[in-house]
Amino acid sequence: MVRVKSIQCFKQSLSTAEAGDRIAVGVGTAIDPAQIERCLVWQAGSISYSQHLLISCQRVRFHKNSLPSRTRLHLSILHETVQANCIFIHSEEGELLEELGETDCLAILELTAKVPCAPGMLVIGSRLDADLTTKACRLAFSGEIIALDPKIRLFRWKERTAQIDRIVNEYRLIGRGLISNKDGRLDKFIGMNITIGEGLIGKIESPFGTSGKFNVTHQSAKIHLSDKLTLRYKKYL
C-alpha cells in the first residue's frame, strides 16, 4: 500500500483525478522515483494485456509508401510502442486485402509483446525505422481497438470455370472441367453454389462417375450447352 501525498496536473495542484487525466503523483520515499518513468493506473478489469488485436484502420493520406498485408510496423498504444505484423482485411468476415488502400478497413495486429489495452483505445501505426534524412511521412495509419484476441479466419476469393457436359433434364445437368488431375477430388466443392451462364445459380450436388464430372441442380429450363459454369469460393489461409 502506497500513500499518495500530492497530485498535480500541468503544475496545478489537485485533490482528485479522473479517468483520462495525465497527472504527477507525490508518494514521498515509499517508491524510488528513479525506478519509475511513467505508468498507468486503472480500475481492476477495465484493461487487459493482449498481443493480438482487431482494429479499425484509416490510412494517413500523407504516407506515400505501399503497405502490403503482413507489413511490420511500430504501434503506439497508450505509452507503449511495440512492433507488430499488420494484416489488413475487408471486414470481420476475414477477406484478406493485399495492401492498405485509401478506403477504411480493419486490421489484425500481431504484436511482438503483450501490452495493456482495451476496446476503444487509439492505435497509431508508423515506420519509426524510416530514414530520418528524408521528408517522407512516417505515420502510416490510425484506428481504434475493436476486439482483443480476435478469432478470424483469413481467406481470399478464388474463381474456377467449367463447362456443361450435357443437360440431363430441365432441372439437372452434368458439368466437367472444374478440377484437374493435380487438384484431386471434388469433395471440397460438393454443396457449393455455381453460376450458370449470366447469373442463374445452381448447386453442385455430387460427383458423376470417376473422371471429374459432377451433377448440378438448378431451377430453370433455359440452359444451353454453351453456357459457362463459374464457381466462386473462399480459400482459407
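This is a predicted model, so every value here is computed, not measured. (Residues numbered from 1 in each chain as written. Predicted model: local features only at pLDDT ≥ 70, side-chain atom pairs only at ≥ 80, totals over all residues. Heavy atoms only, no water.)

### Regarding the overall build of the protein
Definition in use: Only DSSP runs of H or I reaching four residues or more are called helices, and only runs of E reaching two or more are called strands; each is numbered from the N terminus. Throughout, radius of gyration means the C-alpha value; the globule benchmark is 2.2 Å times the number of residues raised to the power 0.38. Only protein chains enter the accessibility calculation, which uses a 1.4 Å probe. A residue is then buried if its area is under 20% of the maximum for its type, exposed if over 50%, and partly exposed in between. When checking whether two residues touch, look at their non-hydrogen atoms; a contact exists if any pair is within 4.5 Å. The accessible surface values rely on the Shrake-Rupley method and a 1.4 Å probe; as for residues, cover is taken only from the protein chains in view. Only four residue types enter the tally: Lys and Arg on the positive side, Asp and Glu on the negative side, with His and both chain ends excluded. Where a charge sits is defined by one atom per residue type, namely NZ (Lys), CZ (Arg), CG (Asp) or CD (Glu).
In terms of regular secondary structure, the protein is built from zero helices and 15 strands. The globule rule puts the C-alpha radius of gyration for 237 residues at 18 Å, and the 28 Å found for the protein is more than 25% above it. Over its C-alpha atoms, taken along the principal directions, the protein stretches across nearly 90 × 45 × 30 Å. Relative to its full complement of 237 residues, the protein shows a buried share of 32%. Pairs at least 24 residues apart make up 62% of the contacts formed inside the protein by residues separated by at least 6 positions. On the protein, roughly 15500 Å² of surface is accessible, and the fraction owed to carbon and sulfur atoms is 48%. Seen as two clouds, the 32 positive and the 25 negative side-chain charges of the protein have centres 4 Å apart.

### A short note on a nonpolar patch on the surface
Counted only if it meets this: Patches in this entry comprise residues that are over 30% relatively accessible and not in a salt bridge; like charges within 9 Å are linked, as are nonpolar side chains (Val, Leu, Ile, Met, Phe, Trp, Tyr) within 5 Å. Definition used for salt bridges: Asp or Glu carboxyl oxygen within 4 Å of a side-chain nitrogen of Lys or Arg.
Taken together, V4, L14, I23 and V25 make up a surface patch of nonpolar side chains, about 290 Å² in accessible area. A relative accessible area of 34% places L14 in the partly exposed class.

### Quick notes on the sheet that holds strand β1 (residues 6-9)
Keep this limit in mind: Note on pairing: DSSP must find at least two bridges between two strands before they are called paired. Each axis is a line fitted through C-alpha atoms, taken for helices only over the stretch in contact, and angles between the N-to-C directions span 0 to 180 degrees.
With antiparallel pairing, the three strands of this open sheet are ordered in space as β2-β1-β3. Where the open sheet ends on each side, the last strands, each with one partner, are β2 (12-14) and β3 (24-26). The mean angle between the axes of side-by-side strands here comes to 30°, regardless of whether they run parallel or antiparallel. Both β1 and β3 contribute to a ladder of three bridges, which runs antiparallel. Considered in β3, the bridge of Q8 is made with A24.

### Describing the packing of aromatic side chains
Keep this limit in mind: For Phe, Tyr and Trp, where Trp contributes only its six-membered ring, two rings pair if their centres lie within 6.5 Å, and the inter-plane angle classes them as stacked under 30 degrees, edge-to-face over 60, or tilted in between.
Scanning the model with the defined rule gives four aromatic pairs in all. Ring geometry for F88 versus F141: centroids 6.1 Å apart, planes at 90°, classification edge-to-face. Taken together, the positions of F88 in strand β6 (residues 80-89) and F141 in strand β9 (residues 139-148) put the pair 53 residues apart, joining distant regions of the chain. This pair shows no difference in class: F88 is buried, exactly as F141 is. Three or more aromatic residues link up through ring pairs in this structure, and these residues are F155, W157 and Y236.

### Digging into the pattern of salt bridges
In this structure the tally under the stated criterion is six salt bridges. Between D187 and R185 there is a salt bridge whose closest N-O contact spans 2.9 Å. In this structure D187 comes out as partly exposed when scored by relative accessible area, which is 44%. Here the residues in one salt-bridge network are D165, R166, R176 and K213, joined through shared partners.

### A closer look at the pairing of strand β12 (residues 193-196)
Covered by surrounding structure in β12 are I194 and I196 only, the residues N193 and T195 on the alternate face being uncovered. The turn linking β12 back onto strand β13 (residues 200-208) is made up of three residues, and G197 within it adopts a positive phi angle of 65°.

### Brief notes about the side chain of S126
Mapped onto the secondary structure, S126 falls in strand β8 (residues 122-126). The class of S126 is buried, set by a relative accessible area of 3%. With near-sequence residues (within four places) excluded, S126 lies in contact with L73, H74, R138, L139 and A140.

### Describing the pairing of β13
Looking along a regular strand, one sees side chains alternate from face to face of the sheet. Across four bridges, the pairing between β12 and β13 is antiparallel. Looking across to β13, one finds that T195 is bridged to I201. One ladder, built from five bridges, connects β13 with strand β14 (residues 213-217); its direction is antiparallel. Directly across from S206, in β14, lies its bridge partner N215.

### Side note on the sheet that holds strand β5 (residues 71-77)
An order of β4-β7-β6-β5-β8-β9 is seen for the six strands of this closed barrel, with the pairing classed as antiparallel. Direction aside, neighbouring strands of the sheet carry axes that sit 40° apart on average. The pairing of β5 with β8 spans three bridges and is classified as antiparallel. The residue of β8 that forms the bridge with H74 is S126.

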